[in-house]
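What the coordinates show
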Amino acid sequence: MAALDGLIAQIEDKTLRERLGAEVKKLTDEKTFGLVFEDHLPELTPLYSEKIRKGSTVAIRGDDIANVWRVISVVGKAARCVNRRTSEERHIPATDLVVVLQFGEPIFPSLVPMDRVKNGSDDSPWHTLIEADNYHALQLLEYLYAGQVDCIYIDPPYNSGARDWKYNNDYVDGNDGWRHSKWLAFMKRRLRIAKRLLNRDTSVLIVTIDEKEYLHLGMLLEQVFPEARIQMVSTMINPANVARANGFGRSDEYIFVVMLGSAAPSRLHLPREWVSSKGRTHTGKIRWDLLRRSGTNAERSHSPGCFYPIYVDPNTRRIDQIGSALPKGQSNAEGISGLTPVLPIRKDGSAGNWQWAPNTLKDRIKQGRVKVGGNPIRGFTIYILKDGEYAKIQRGEFQQEGIADDGSLRVEDNDSSFVMAVPGSQWRITGHDATQYGSRLLGDILPGRRFPFPKSIYAVRDVVRFYVENNPKALIVDFFAGSGTTLTAVNLLNAADGGQRRSILVTNNEVSIEEAAGLTARGLQPGEEEWEALGICRSVTWPRSKFTIHGTRDDGTQLGGEYLAGTTVDREKPRSFTHIGFFEQETLRNVAMKKQLVSMIDGLPQTLVKETCPFIVSEDHDASVLFDPASADSWLDELEGQEHIFRFFIATSRKAHFDVLKARINELLGPQIIVEEKKRPMRKGFAANLAYFKLDFLDKNNVALGRQFHEILALLWLRAGAIGAVPELPRSMDIPAMLIPDKNPFAVLVDESKYREFLTAIESRNDLTHVFLVTDSEDAFHEMASEIAAPNVIQLYRDYLENFMINRGELG
């Protein structure tokens, strides 16, 4: 098409040039260039709690949800239905039917309060969790917050072919020839509404994805957001790699950042690993992990060959022997005299499995990648080195502080400096490990409850922080909320700087494939209480969110462990001094002997030893050596201002001389100041509030008649910023003539005949941001609104009905 534009521009006849240009424009408007895919039939959502009524669109439970029927009449316990596709008529028991909602049909949503947790102040904004299909939740959010959202973070299904998502209530697997176009149609519908939520001047959309769909997603984002600046980041989420058959192992994923208007990442105070690889290959944190598998596939039955004993010598704390896999039914290892057997027993006492098979473990032991922690009384723990560059790590480049009470090996970083920076597009950050800070962290919060592949809370916190660091009241939406990681990430941001950022999380309540099979075998169906109780939202997202805010579980037990708080603290660390008294002073005048001494000091190259050098002081190294005590004064002069040096090796035969020099250096340089990230005990919880709702749908006629005030009250609260708790209005109570809650910045006039009383009642309320007036007359509305000073005056129920009647979700 670019070539055609160029040729048309060369036509001298203006009329012909403009005619051809117009025809080509018509052609380009009608044809999609770039990403081409099938839009597929609109999606359908089953509404299991909806009552079967005349006119309902329904499907037969367990049948293809796209095979829809229309209810002609309901007589007793049966419904007379006609099939929309074949026109077949049939009487079907109402219990065998489920109401389905087709995308494109008008909806009239409401929010049913499910639960809430309050741990913040009365006037602070509330986070919101909505249990719903995210498409319809987005339609609701567009009504509430069009153009007001500062950041959307989503981690959509990766379409791996492993039945990780549904289209029209059916799992899409690798055998579905349309799976890529279904995924694109699924995403496009949601992204188009998400775009209308975003503030066009300063907002950002963040989408994580892996290699299965990143090419398609990138082109889709270009189509939906042609005006945006789009960048892709590669980030390490699994340093151990996930093996892929006939290919390279997967260790990273991709983050698309769609920046609107002036949105740009802020320069942040970051650990040096964000901007330098030095910290990972030499002095950076060396991360150890449990050899015992956690998260998914962690049961013995998942990998029987990895349930075997490891025999540890309790005296040397070394692995002496590795046993063979125990046969099925046997859970105890044979005893070997003088050795302690260690089996992969999980925290709940059940049999698990090791991450490596016996032969692999033997190889890794030879490579130095295995450690033994614990003790014979409490039990030994086997740790494995997870840093992919372990071969470059030298002895002495890390300091083991010991085994923590929670069983994790703590390793101290000798180079914990921070920098102010905007990083590059390749992220290899220790805290972004999805196993350590995603799966394992979630397992510690919700023992015994699994969720596949949760994100590291720090991976979410960090990428969001680049865009909301300087906006302490940012509104952040995640409509693929999964286990609820985004809520914790936002709470960490607020705890770090006292912000009042607010998150809205949306997730469905799907039950896992395995649990669904078990429930179906017992005769249970979706919509029944026992089925719904095992859904993602009710069994994972909500309890995790509640527990992390309180810092305790429902049974009163406290959460263990610590968060990385996202802020830094200065800590004094004594400098290290080593007395070298085993060399004769005459010997150390020999260059070869000096080099031999330097070779024993990690990180100090022998090339620093010159023909005549009484000492070594280098701006590029953290160690210094005094070879000749007679040159101590000159050495001290050279050390002045060299705060980066914290290891000192002093060759002198006299201990008293060593002590004097040590004191003079401490006086000269003082203690080393280490900048490190603060820790926040998880048991402390967060000063935050969270309201949990389920999306429901209303009858249009009842809304128009004003009979659904209770049902839309939460929507009014959300539209006014979700400040203060949702006003409680018992259903047994008549709808009042006016509602003016004390702790919420909104007011509602229900009976317009009481307008003057209402106006008097709100005169002293200078905090009101939203006033809702219920009236059928547009003239009356404008007359009343003209006397109200609030920034937002809205006509109910007309505003609500008109918004959803046009079903804006499918518009471009």
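Residues numbered from 1 in each chain as written. Predicted model: local features only at pLDDT ≥ 70, side-chain atom pairs only at ≥ 80, totals over all residues. Heavy atoms only, no water.

**Things to note about the overall build of the protein chain**
- Counting its secondary structure elements, the protein chain contains 21 helices and 38 strands.
- Once the C-alpha set of the protein chain is aligned to its principal axes, its extents read approximately 105 × 70 × 70 Å.
- Counting every position in the protein chain, which comprises 812 residues, the buried fraction comes to 49%.
- Considering only intrachain contacts with a sequence separation of at least 6, the fraction spanning at least 24 residues in the protein chain is 69%.
- Carbon and sulfur atoms provide 48% of the accessible area of the protein chain, an area that totals close to 38,900 Å².
- Averaged over its 100 positive side-chain charges, the protein chain has a centre that lies 4 Å from the centre of its 108 negative ones. (Helix = DSSP H or I, 4+ residues; strand = E, 2+ residues; numbered from the N terminus. Buried < 20%, exposed > 50% of the residue type's maximum accessible area, 1.4 Å probe, protein only. Contact = heavy atoms within 4.5 Å. Areas by Shrake-Rupley, 256 points an atom, 1.4 Å probe, with all protein chains shown as cover. Lys, Arg positive; Asp, Glu negative; His and termini not counted. Charge placed at Lys NZ, Arg CZ, Asp CG, Glu CD.)

**Side note on helix α16 (residues 655–669)**
- The end-to-end C-alpha distance of α16 is 21 Å, a good match for the 21 Å that 15 residues give at a rise of 1.5 Å each.
- Buried residues in α16 make contact with β29 (576–580), β31 (623–626), α15 (632–639) and β32 (647–651).
- G670 sits one or two residues past α16 and shows a positive phi near 70°. (Expected span 1.5 Å × (residues − 1).)

**A closer look at the layout of surface pockets**
- Size it by volume and the second largest pocket reaches roughly 1,000 Å³.
- For the second largest pocket, the lining is made up of 45 residues, of which F108, S110, D696, F697 and L698 are closest to its centre.
- At the level of elements, β6 (97–102), β7 (109–118), β34 (689–697), α17 (700–704) and α18 (709–719) are the ones that each hand at least two residues to the lining of the second largest pocket.
- Of the residues forming the lining of the second largest pocket, the biggest block, 7 residues, is contributed by β7.
- The residue inventory of the lining of the second largest pocket, partitioned by class, reads 23 nonpolar, 7 polar and 15 charged. (1 Å grid on protein atoms, 1.4 Å probe; cavity = no way out; pocket = protein on both sides within 12 Å on 5 of 7 lines; lining within 4 Å. Points joined across faces, edges and corners; volume = space filled by probe spheres on them. Nonpolar A, V, L, I, M, F, W, Y, C, P; charged D, E, K, R; others polar.)

**Focus: the pairing of strand β11 (residues 170–173)**
- By the bridge criterion, 3 bridges tie strand β10 (residues 162–167) to β11 in an arrangement that is antiparallel. Residue K166 lies in a different strand from β11, and its bridge partner there is Y171.
- Joining the antiparallel neighbours β10 and β11 is a turn of 2 residues, in which N168 adopts a positive phi near 50°. (Pairing = 2+ DSSP bridges.)

**What about the packing of aromatic side chains?**
- For the structure shown, the criterion picks out 22 aromatic pairs.
- Aromatic pair W126 and W717: ring centres 6.5 Å apart, planes at 75°, arrangement edge-to-face. Here W126 is found in the loop between β7 and β8 (127–131), whereas its partner W717 is found in helix α18, with 591 residues between them in sequence. The burial state of W126 is the same as that of W717; both residues are buried. (Phe/Tyr/Trp six-rings, centres within 6.5 Å; stacked < 30°, edge-to-face > 60°.)

**Considering the sheet that holds strand β35 (residues 738–739)**
- Overall, mixed pairing links the 4 strands, which are arranged β35-β36-β37-β38 in an open sheet. The open sheet has two edge strands with one neighbour each: β35 and β38 (792–796).

**Examining the pairing of β8**
- Most of β8 is tucked away: 5 of the 5 residues are buried.
- Relative to β34, β8 runs parallel, the two being bridged by 5 bridges. The partner of H127 across the bridge, within β34, is L690.
- Summarising the sheet, β8 and strand β27 (residues 502–507) pair through 4 bridges and their orientation is parallel. Residue E131 lies in a different strand from β27, and its bridge partner there is T507.

**Describing the sheet that holds strand β2 (residues 57–60)**
- Spatial strand order, β1-β6-β2-β3-β4-β5: 6 strands in an open sheet with antiparallel pairing. Both edges of this open sheet fall to β1 (44–47) and β5 (89–93), since each of them pairs with a single strand only. Each strand axis lies, on average, 50° off the axis of its neighbour in the sheet, ignoring direction.
- Sheet topology places strand β3 (residues 69–75) next to strand β4 (residues 78–83); 6 bridges connect them, and they run antiparallel. Paired with V71 across the two strands is C81, which belongs to β4. (Axes fitted to C-alpha atoms, helices over the stretch in contact; angles between N-to-C directions.)

**With respect to the nonpolar core**
- In terms of nonpolar packing, the biggest core is built from 94 residues, with I152, L205 and Y800 touching the most fellow members.
- Looking at which element gives the most residues to this core, the answer is helix α4 (residues 179–197), with 9 residues.
- Once residues within four sequence positions are removed from consideration, L205 is found in contact with I152, I154, L191, L198, L221, F225, F256, V257 and V258.
- If you look at the next biggest cluster of nonpolar residues, it comprises 26 residues, including F451, L505, I549 and A688. (Core = buried A, V, L, I, M, F, W, Y, C linked by side-chain atoms within 4.5 Å.)

**Quick look at the pattern of salt bridges**
- Counting across every chain of the model gives 35 salt bridges.
- A salt bridge links D155 to K455; the shortest N-O distance between them is 3.0 Å. One end of the pair, D155, is in the loop between β9 (151–154) and β10; the other, K455, is in the loop between α8 (434–445) and α9 (457–468), with 300 residues separating them in the sequence.
- Salt bridges sharing common partners tie together D155, E211, K212, R250, E253 and K455. (Salt bridge = Lys/Arg side-chain N within 4 Å of Asp/Glu carboxyl O.)

**What to know about unusual backbone geometry**
- Residue Y797 follows L796 across a cis peptide bond; omega there is 0°.
- Within the secondary structure layout, Y797 lies in the loop between β38 and α21 (798–805).
- One non-glycine residue, N168, lies in the positive phi region at around 50°.

**Here's the deal with the packing of helix α3 (residues 134–145) against α18**
- Running from N to C, α3 and α18 point in directions that differ by 55°, and their axes come no closer than 9 Å. It follows from the interaxial angle that α3 and α18 lie oblique. Seen along the crossing, α3 lies across α18 with a hand that is right-handed. Here L140, Y143, L144 and Y145 of α3 lie close against α18, whose contacting residues are L715, L718 and R719.
- For the contact of α3 with α18, the per-class residue count stands at 6 nonpolar, no polar and 1 charged. (Parallel < 35°, antiparallel > 145°, perpendicular 65-115°, else oblique. Left-handed = near helix turned anticlockwise from the far one by under 90°.)

**Remarks on the side chain of R465**
- By secondary structure assignment, the location of R465 is in helix α9.
- Residue contacts for R465: discarding those within four places in its chain leaves L268, H269, L270, L493 and G566.

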